[in-house]
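Listed below, chain by chain, are the residues.
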Amino acid sequence: MTAPFTPTHIYIDQAVVNLPLTNKILGYFPNIVPQIVDDPKKFKEPAEMTWAKKGLMLARHKADTVLKSFDAVGESCGRPVYSLDIISNCHLECTYCILQSYLANNPMITIFTNIEEILEKLDHQIKDIPDNAIIGTGRIADSLALDPITNLSSHLVPFFAGLQKNVLLEFKTKSDSVENLLTLEHNQKTIVSFSLNPEEIQEREEFKTATIEERLKAAGRCAKAGYKIGFHLDPMIFHENWNKNYRRLVENIFETVSPEQIAWMSLGLLRFPARQQTIMKKRFPKNAAIHEGLEHTHLPYRTYSKNLREEMLTTVASFIKSRAPKVELYFCMESEMNLRSTTANPLSVAINQ
Ligand code: SF4
C-alpha cells in the first residue's frame, strides 16, 4: 500500500488561510499546530531532502498562467504536452527521483490550495492550447500519492470531462490511490497512468510506493470504471535479470488490462542530471546497484551507453508489440539522448512494428 503522508510540520500561506481545501487538509493532521507565514517564498531555500519531505506548505498559486509547456515529453509522444503543477515534491522515496536535484533549492512539499482560482485560470488558458494536447500533473509530483488528503481529482476530472475541447488530463502515479476516481464522471477525458518496474526493482529502489501488484490492481479498477489507462515503464533500470523481469512485467500488464483499454505506453531509460549522483549516494548509501552500468558521457545526464539503451528499448518494445501490436508506444526523452536521429535507427523500426 502507498505509505500515507505524515508531515512533522505545516506552514500556511496567509493568503490561503480558511480556504476549503486548506481546512480539509489540516483536518487530517489535528495534532500539528500549523505556522502561518506572510511570505512562503522565504521558505524556498535549499534544505536536506529527507527533512524537507516531512514538511508541508499550503500556499496560493499566484501565477497568471497555470499551464507550462513540457516540450521534451511532447516531442517524444508526438503531441503537445503541458504541465499543471498543483503539488510540488513527493513524500514517496524513489532512489533515482529526479526531484532530488530539480527541487534541491525548493524541496518542501507544497500544495496550492486555491483550487477554484486555479481552475478559473485553467479554463481561460486552455482555450489557447492546441487540440489533442495532454495535460499532466506528474512533472514535479506524483499525481495521486496525496489524493487521499487533497481529493484534487474530484476537481480536475469533472472539469476535463466537461470540456468541449479534445484535451486530455493525465495522472501519472506510483501509488494505488485511485479510490476517489472510481465514482467520478470522467467522460474518458482523464487517463490514469501507472509507472511500473519489475517487482525486484520496486522493492529495491522505490520506497513507500505501492507494490507493482497493487498498482496493477488499481489500474484494473480504473479500467473497470471506464478510464483509459497509461503505462510508463520509465525509468527502466539495468540489472542482471532485466530481460526476463521486463518480459514478465509486460505479461502482467496485459493480464490485467486489455490493449483496447490502454491509451498509451512509454519506455524510458534511467537518467538523471550528473550532479544528482552525489545526492543519491549520500541519501541511499546502500543502493549502490542503481549506479551499475551508468556512463559518464558528453551529455549532462548520467545514463547508459547508447548500445545498452538501444538493446533494452528494442527488446521491451518487442515484448509489448508482440502482445499488443496496435498500442500507442513512445520512447520518452530519447531524442534528448541523441538517439532518434534517423528513420533507419533500430529504435524507430522497433516502435513502428
Ligand atoms: S513517486 Fe515519482 S515523484 Fe515520488 S519519489 Fe518516486 S519518482 Fe519521485
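Anything mentioned here points back to the structure above.
My aim in this report is to walk through the structure given alongside it, one point at a time. Keep in mind the model is a prediction, meaning the values are calculated, not measured.

Details of the side chain of Asn114
Within the secondary structure, Asn114 sits in the loop between β8 (109-112) and α5 (115-126). By relative accessible area, Asn114 is classed as buried at 5%. One polar contact links the side chain of Asn114 to the main-chain amide nitrogen of His61, over a distance of 2.9 Å. The contacts of Asn114, once residues within four sequence positions are left out, are Leu19, Ala59, Arg60 and His61.

Side note on the environment of Val16
In this fold, Val16 is placed in the loop between β1 (9-13) and α1 (20-26). It is 45 Å that separates the C-alpha atoms of Val16 and Tyr246, two residues lying 230 residues apart in sequence. Those residues in contact with Val16 that sit more than four places away from it in its chain are Thr22, Leu58, Ala59, Arg60 and Thr113.

Section: a negative patch on the surface
There is a patch of like negative charges on the surface, built from Glu199, Glu200, Glu203, Glu213, Glu240 and Glu292. Here the negative patch gets three residues from one element, more than from any other, and that element is helix α8 (residues 199-205). Within the secondary structure, Glu213 sits in helix α9 (residues 212-224).

What about the pattern of salt bridges?
By the definition in use, this model includes eleven salt bridges. A salt bridge links Lys53 to Glu93, with the shortest nitrogen-to-oxygen separation between them at 3.7 Å. Of the two residues, Lys53 is situated in the loop between α2 (49-52) and β3 (55-59) and Glu93 in strand β7 (residues 93-94); the sequence distance between them amounts to 40 residues. An identical accessibility class is assigned to Lys53 and Glu93; each is buried.

What to know about the site of the ligand
Around the ligand sit Cys90, Leu92, Cys94, Cys97, Leu99, Asp142 and Lys174, and those are all the residues in its vicinity. Looking at the shell around the ligand residue by residue, the classes come out as five nonpolar, no polar and two charged.

Description of unusual backbone geometry
Look at the link from Asp234 to Pro235: it is a cis peptide, with omega at 5°. Topologically, Pro235 is positioned in strand β13 (residues 228-236). Even without a glycine there, the phi angle at Asn18 is positive, about 75°. Positive phi, close to 75°, is recorded for Asn89, a residue that is not glycine. Turning to its location among the elements, Asn89 is positioned in the loop between β6 (87-88) and β7.

Side note on the sheet that holds strand β14 (residues 262-269)
Judged by pairing direction, the sheet is mixed, and its eight strands sit side by side in the order β4-β5-β9-β10-β11-β13-β14-β18 without closing on themselves. The open sheet is flanked by β4 (67-69) and β18 (329-331), the only strands paired with a single partner. Neighbouring strand axes in the sheet, compared pairwise and without regard to direction, differ in orientation by 25° on average. Where strand β9 (residues 134-136) and strand β10 (residues 168-173) come together, three bridges link them in parallel fashion. If you follow Ile134 over to β10, its bridge partner there is Leu168. Strands β13, β14 and β18 of the sheet are contacted by helix α12 (residues 306-323), whose axis makes an angle of about 160° with β14.

Conventions adopted
Residues numbered from 1 in each chain as written. Predicted model: local features only at pLDDT ≥ 70, side-chain atom pairs only at ≥ 80, totals over all residues. Heavy atoms only, no water. Helix = DSSP H or I, 4+ residues; strand = E, 2+ residues; numbered from the N terminus. Buried < 20%, exposed > 50% of the residue type's maximum accessible area, 1.4 Å probe, protein only. Polar contact = N/O pair within 3.5 Å; in protein donor to acceptor, adjacent residues only side chain to side chain. Contact = heavy atoms within 4.5 Å. Patch = residues over 30% accessible without salt bridge, like charges linked within 9 Å, V, L, I, M, F, W, Y side chains within 5 Å. Areas by Shrake-Rupley, 256 points an atom, 1.4 Å probe, with all protein chains shown as cover. Salt bridge = Lys/Arg side-chain N within 4 Å of Asp/Glu carboxyl O. Lys, Arg positive; Asp, Glu negative; His and termini not counted. Charge placed at Lys NZ, Arg CZ, Asp CG, Glu CD. Near = heavy atom within 4 Å. Nonpolar A, V, L, I, M, F, W, Y, C, P; charged D, E, K, R; others polar. Pairing = 2+ DSSP bridges. Axes fitted to C-alpha atoms, helices over the stretch in contact; angles between N-to-C directions.

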